[in-house]
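Descriptive structure summary
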Amino acid sequence: MVSDLLSSLNEQQKLAALHGDGPAMVLAGAGSGKTRVLTTRVAYLMAEKHIDPSAILLVTFTNKAAGEMTERVRLTTGKRLQFSGTFHKLCAKILRVDGHHIGIPVSFAIYDDEDQIDLVKKIFKDLGVSAKETSPRLIHGMISDAKNEMLSPTDYRGFARGKYQELTAKVYERYEKKLKENHAVDFDNLLNKTVELFQLYPDILKKYQNQFDHVLVDEYQDVNKAQYLLTKMLAAPENNLFVVGDFSQAIYGWRGADYKNMLMLKTDFPHMVEYKLERNYRSTQNILDAATAVISNNTSHPVLALWTDKPPTQKITLFEAES
């Protein structure tokens, strides 16, 4: 079954999927078949390397993508991955089991976006702040930004300057206290509290490090600081880390993602092997050439030279809108 999968891969894809031990980075351009490489890699580890499914961690950015990959692996190997999903889903599982060490009860609630905004509005009321004059969503966004940078309320208060940052510092401190009183966490807390747990209790971290022999992460250009730290922590000490991403597809900077984390990996893992998936199966060459001509002006990160054997069917047209 795995050999059948491999026969459908091009040479670049095959080299990546059959990577040995140690850290690897797969730079996968748009439409280059990265999902196929990831699922083949997982199937290869299970069927050929005899890695137990429970020892493989596959992290993606949506549960839907994780479900699709898990199903592909099951159809190929007859086995189901036990740990696949988003960083948030993984951290929720970990905190349900071990969060009590840092004061998080087993039955903690997870506040969704609406719950979080409602909580900020209540704090506004306590502080006598008008929700009409200052947007609760704006202040909540600033709190989330702080959490994405792993800044505690005390850290944030230390450098808060100006009206909005000073208000955010006050709200942030009360926001975290209210979450704790309500036995709740928000989405950012799921990540940060897991990092905190691992930092304070190395033995618990070691338990999960022993659990996972291989850690695979999709869309790595979109990880934030906490997700980066979790990746490094869980992959150690064997560092069988396999990340897939594309600097040019980084789109989640507004929620704390930083493509520079991919650059940092090369520093933190000096022996990392790099693979490039540059053959595109989605577009025609004229579209790829135009995209490359634009993206190559960005000199802050590597740009893939995407190519395809699909002949151009029509010229690119420019549409100019009034707004």
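Let's shift gears to the overall build of the protein. Within the protein, the secondary structure is distributed over 14 helices and 8 strands. Taken against the 2.2 N^0.38 rule, which gives 20 Å for 323 residues, the C-alpha radius of gyration of the protein at 22 Å falls within 12% of a compact globule. Across its three principal axes, the protein shows a C-alpha extent of roughly 65 × 55 × 35 Å. Looking at the protein as a whole, 47% of its 323 residues qualify as buried. Across the protein, every contact between residues at least 6 apart in sequence was considered, and the portion connecting residues at least 24 apart equals 78%.

With parallel pairing, the 6 strands of this open sheet are ordered in space as S3-S2-S6-S7-S1-S8. A single partner strand is all that each edge strand has here, and the edge strands are strand S3 (83-85) and strand S8 (273-277). Averaged over all adjacent pairs, the angle separating strand axes in this sheet is 10°, with direction ignored. In this fold helix H3 (residues 34-47) packs onto strand S1 (24-28), strand S2 (56-59), strand S6 (214-217), strand S7 (241-245) and S8, with an angle of close to 170° to the strand it touches most, S6. Along the sheet, helix H12 (residues 225-235) makes contact with S2, S6 and S7, crossing S6 at roughly 160°.

Those residues of helix H13 (residues 260-268) not exposed but buried are Asn261, Met262 and Leu265. Taken end-on, H13 shows its buried residues confined to a sector of 105°, consistent with a single buried face.

What follows deals with the packing of aromatic side chains. Applying the stated rule across the entire model yields 6 aromatic pairs. Centre to centre, the rings of Phe61 and Phe87 are 6.4 Å apart; their planes meet at 75°, and the pair counts as edge-to-face. Remark: Phe87 occurs in helix H5 (residues 87-98) and Phe61 occurs in the loop between S2 and helix H4 (63-77); sequence separation between them is 26 residues. Between Phe83 and Phe212, the aromatic rings sit 5.1 Å apart at their centres with planes inclined by 85°, giving edge-to-face as the arrangement. Taken together, the residues span a long stretch of sequence, with Phe83 in strand S3 and Phe212 in the loop between helix H11 (202-211) and S6 at a distance of 129 residues. Comparing Phe83 with Phe212, the two get one shared label, buried. These aromatic residues form a ring-pair network of at least three members: Tyr156, Phe159 and Tyr172. Across the ring face of Phe108, the terminal group of Arg96 is positioned such that the distance to the ring centre comes to 3.8 Å.

Here we come to the side chain of Asp188. Tracing the backbone shows Asp188 in helix H10 (residues 187-200). Although Asp188 lies buried, it forms no salt bridge, and the closest oppositely charged side chain, Lys147, sits 5.3 Å away as judged by the N-O distance. Polar contacts involving the side chain of Asp188 include one to the side chain of Ser144, which spans 2.7 Å. Once you skip the residues sitting within four places of it in the chain, Asp188 turns out to touch Ser144, Lys147 and Asn148.

Let us now look at a negative patch on the surface. On the surface, Asp112, Asp113, Glu114 and Asp118 cluster together to form a negatively charged patch. Its place among the elements puts Glu114 in helix H6 (residues 113-127). Judged by its relative accessible area of 58%, Glu114 is exposed.

To continue, consider the pattern of salt bridges. Throughout the structure, instances matching the rule amount to 14 salt bridges. Across the pair Lys207 and Asp98 runs a salt bridge whose closest N-O atoms are separated by 2.8 Å. Taken together, the positions of Lys207 in helix H11 and Asp98 in helix H5 put the pair 109 residues apart, joining distant regions of the chain. With a relative accessible area of 6%, Asp98 lands in the buried category. Taking the shortest distance from any N to any O, the salt bridge between Lys147 and Asp186 comes out at 2.7 Å. Of this pair, Lys147 sits in helix H7 (residues 136-148) while Asp186 sits in the loop between strand S5 (184-185) and H10, and the two are 39 residues apart along the sequence. A relative accessible area of 1% means that Lys147 is categorised as buried. Among the residues examined, Asp186 registers a relative accessible area of 1% and is labelled buried. Shared partners join several salt bridges into a network, and the residues in it are Lys34, Asp218 and Glu219.

What counts, and where the lines are drawn
- Residues numbered from 1 in each chain as written.
- Predicted model: local features only at pLDDT ≥ 70, side-chain atom pairs only at ≥ 80, totals over all residues.
- Heavy atoms only, no water.
- Helix = DSSP H or I, 4+ residues; strand = E, 2+ residues; numbered from the N terminus.
- Rg over C-alpha atoms; globule rule 2.2 N^0.38 Å.
- Buried < 20%, exposed > 50% of the residue type's maximum accessible area, 1.4 Å probe, protein only.
- Contact = heavy atoms within 4.5 Å.
- Pairing = 2+ DSSP bridges.
- Axes fitted to C-alpha atoms, helices over the stretch in contact; angles between N-to-C directions.
- Arc of directions from axis to C-beta.
- Phe/Tyr/Trp six-rings, centres within 6.5 Å; stacked < 30°, edge-to-face > 60°.
- Lys NZ or Arg CZ within 6 Å of the ring centre and 35° of its normal.
- Lys, Arg positive; Asp, Glu negative; His and termini not counted.
- Salt bridge = Lys/Arg side-chain N within 4 Å of Asp/Glu carboxyl O.
- Polar contact = N/O pair within 3.5 Å; in protein donor to acceptor, adjacent residues only side chain to side chain.
- Patch = residues over 30% accessible without salt bridge, like charges linked within 9 Å, V, L, I, M, F, W, Y side chains within 5 Å.
- Areas by Shrake-Rupley, 256 points an atom, 1.4 Å probe, with all protein chains shown as cover.
- Charge placed at Lys NZ, Arg CZ, Asp CG, Glu CD.

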